Amino acid sequence: MPDERQANDDSQDKQDQAVLPPADRESPPGARMTEIELSDIVHGLAQRLHLPWLLKYHARTPIVAVFGLVNGFISIALLSLLAFITHSPFVFPSLGPTAFLLFFNPTTRPASPRNTIIGHLIGILAGYFSLVVTGLTNAPPALSTGITVPRIIAAALALGLTSGLMVLLNTPHPPAGATTLIVALSIISKPLDLVYIMVAVVILVVQAWLINHLADIPYPLWSIPQRKKTSQKSG
């Protein structure tokens, strides 16, 4: 009887946990905010929209995959529509991995607005600086002219500067490494177009903030507080 009663209590605890928003669930010792993933966003939206069937199946891989598909489609479609209307580069390759990061692991430091915006800004500035240094600011894209020695120097310098500065400023955002190569290879290199790139990044961050908060995910307004390192003394 005690075992059966204990099993019933455990089952009830799991059910209670399932209906709580991610921010209010009990965390095991040592749990981190980074454990919030796409399934938690689905859970939060299901609660917000009062969809009990989705609450029941929110963690199943097909459901999460469909949500990822729909969410990714909508996020980039909005920017693509803006690019179509304005004839400006509001869509570029590195925006894809940024979108995935903002929604798949929204509470990790690289996905924070601070790291996302500053990371891409570093990538843009480093990429354009490399073009200035190598005299390629007015050169056609490398895809049409091929790789030359100056282009090798520009690409290597851009990625090196981007990596070093992100480490120095503690703003790692991996997709920014692709952004700097987009600029260094002159795929997008006009100064005004680089401004559009940053506007697109900010728009995507705003989308992420709205969707995550709609799902009760504690996505930060700017940055995630750094955890203090605890030193262990050996006995």
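See above for the structure.
Counting restarts for each chain: residues are numbered from 1 in the order of the written sequence. Selection of residues for local features in this predicted model requires a pLDDT of at least 70, selection of side-chain atom pairs for listing and counting requires 80 or more, and totals for whole chains, interfaces and linings are taken over all residues. Calculation of side-chain values draws on the structure's entire complement of heavy atoms; hydrogens and water are dropped beforehand.

Chemist: I would appreciate a short explanation of the environment of P89 in the present structure.
Modeler: You can see P89 is positioned in the loop between α4 (61–86) and α5 (95–104). Along the primary structure P89 and A200 are separated by 111 residues, whereas in three dimensions their C-alpha atoms are 8.5 Å apart. Not counting residues up to four positions away in its chain, the partners in contact with P89 are I188, D193, Y196 and I197. Under the DSSP-based scheme used, a helix requires at least four consecutive residues in state H or I and a strand at least two consecutive residues in state E, with every element numbered from the N terminus. When checking whether two residues touch, look at their non-hydrogen atoms; a contact exists if any pair is within 4.5 Å.

Chemist: How should the packing of aromatic side chains be read in this particular structure?
Modeler: Note on aromatic pairs: each is described by the distance of the centres and the angle between the planes. Each Phe, Tyr or Trp ring (for Trp, its six-membered ring) is paired with any other whose centre lies within 6.5 Å, and the angle between the two planes then decides the class: stacked below 30 degrees, edge-to-face above 60, tilted in between. Tallying each qualifying case throughout the model produces two aromatic pairs. With 5.2 Å between their ring centres and 50° between their planes, F90 and Y196 make a pair best called tilted. Placement of the pair is F90 in the loop between α4 and α5 and Y196 in helix α10 (residues 191–214), with a sequence separation of 106 residues. The exposure class assigned to Y196 is partly exposed, which follows from its relative accessible area of 22%. For the pair F100 and F104, a centre-to-centre distance of 4.9 Å together with 15° between the ring planes defines the contact as stacked. Within this pair, F100 and its partner F104 are both found in helix α5, separated by four residues, close to a single helical turn. The class for F104 is partly exposed, based on a relative accessible area of 28%. Whether a residue is buried, partly exposed or exposed follows from its accessible area with a 1.4 Å probe, protein chains only, as a fraction of its type maximum: under 20%, in between, or over 50%, in that order.

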